[in-house]
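Fold and contact review
Letter by letter, the chains look like this.
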Amino acid sequence: DDYRAYFNYKGESTVLYNYVRDDFFAVQAKEAPVSQGLRLLAVGNLRPQKNYPFMIGAFRYLKDIPVTLDVYGDGALRKDLEKTIEENKLHVSIKGKIADVAAVMPAYDAFLMLSSFEGFGIAVAEAMAANTPVILSDIAVLKEITQSRAIFVSLDSAENFADQLRQLVHDRTPLQSMILPNRERAEKYYSRTAYLKQLDAIYDKALSGLSY
């Protein structure tokens, strides 16, 4: 829809999703929750569109329960975010850049992304491939990636978001129920095999109308 809205092209077009590296698909599903509370990770550059101040601010309402967040990424907002974390003694840690996100995925109960906008959101597809439940902002592109199988968060109230996390501590069912269908969707649409198959089909169709 965005493509058609912003590019004045009326012919046939195809959406070809980015693909997830094979090492994410190699991550095994967890047989049990990682922790008795909720251990969350977020991945991405520390810039305004990712809404880290909102995300981290919600942990002001979660000091009394075992919910933690590790943020993998770096950027201009890091010092301000670390100041907020330290001053409020929040259960949040900024880990900086990481070379192998797939390697740390098994240590967490869920993946968190609360962006105000995204072009695609490859990190969400990576989490799906790695059998990790996803908690996401309620924007259209993230609903498209997951086919609406996620815990969706309104960006209107950090306190309401904190309440959602409290509920998940007491009932993991919504998280656990999305793991298998999201993994299957990732295999069908976001794997390298699926990408190459669709790319071949696009070229075959384009070339079929040519004469030599």
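Now for a quick tour of the structure. In this text the structure is predicted, and so the values were computed from the model without any measurement. (Residues numbered from 1 in each chain as written. Predicted model: local features only at pLDDT ≥ 70, side-chain atom pairs only at ≥ 80, totals over all residues. Heavy atoms only, no water.)

1. A short note on a nonpolar patch on the surface
Side chains of Tyr-3, Tyr-6, Phe-7 and Tyr-9 sit close together on the surface and give an oily, nonpolar patch of about 520 Å² of accessible area. Owing to a relative accessible area of 41%, Tyr-9 belongs among the partly exposed residues under this scheme. (Patch = residues over 30% accessible without salt bridge, like charges linked within 9 Å, V, L, I, M, F, W, Y side chains within 5 Å. Areas by Shrake-Rupley, 256 points an atom, 1.4 Å probe, with all protein chains shown as cover. Salt bridge = Lys/Arg side-chain N within 4 Å of Asp/Glu carboxyl O. Buried < 20%, exposed > 50% of the residue type's maximum accessible area, 1.4 Å probe, protein only.)

2. Details of the packing of aromatic side chains
Tallying each qualifying case throughout the model produces 7 aromatic pairs. A ring pair is formed by Tyr-72 and Tyr-108, whose centres lie 6.2 Å apart and whose planes are at 90°; its orientation type is edge-to-face. One end of the pair, Tyr-72, is in strand β2 (residues 67-72); the other, Tyr-108, is in the loop between α5 (101-104) and β4 (110-113), with 36 residues separating them in the sequence. This pair shows no difference in class: Tyr-72 is buried, exactly as Tyr-108 is. A network of ring pairs unites the aromatic residues Tyr-17, Phe-120, Tyr-189 and Tyr-190 as a single cluster. Just above the ring of Phe-152 sits the side chain of Lys-143; from NZ or CZ to the centre is 5.6 Å. (Phe/Tyr/Trp six-rings, centres within 6.5 Å; stacked < 30°, edge-to-face > 60°. Helix = DSSP H or I, 4+ residues; strand = E, 2+ residues; numbered from the N terminus. Lys NZ or Arg CZ within 6 Å of the ring centre and 35° of its normal.)

3. Points about unusual backbone geometry
One non-glycine residue, Asn-51, adopts positive backbone phi at about 60°. Its place among the elements puts Asn-51 in the loop between β1 (38-43) and α3 (52-57). Located in the positive-phi region is Lys-89, a residue other than glycine, with phi close to 50°. Take Lys-89: it is sitting in the loop between α4 (78-88) and β3 (92-96).

4. A word on the pairing of β1
Within β1, 5 of the 6 residues are buried, leaving the element largely enclosed by the surrounding structure. Here β1 pairs with β2 via 6 bridges, running parallel. Bridge assignment links Ala-42 to a residue of β2, and that residue is Val-71. In terms of handedness, the path from β1 via α3 over to β2 forms a crossover that is right-handed. (Pairing = 2+ DSSP bridges. Right-handed = clockwise from strand over helix to strand, strands pointing away.)

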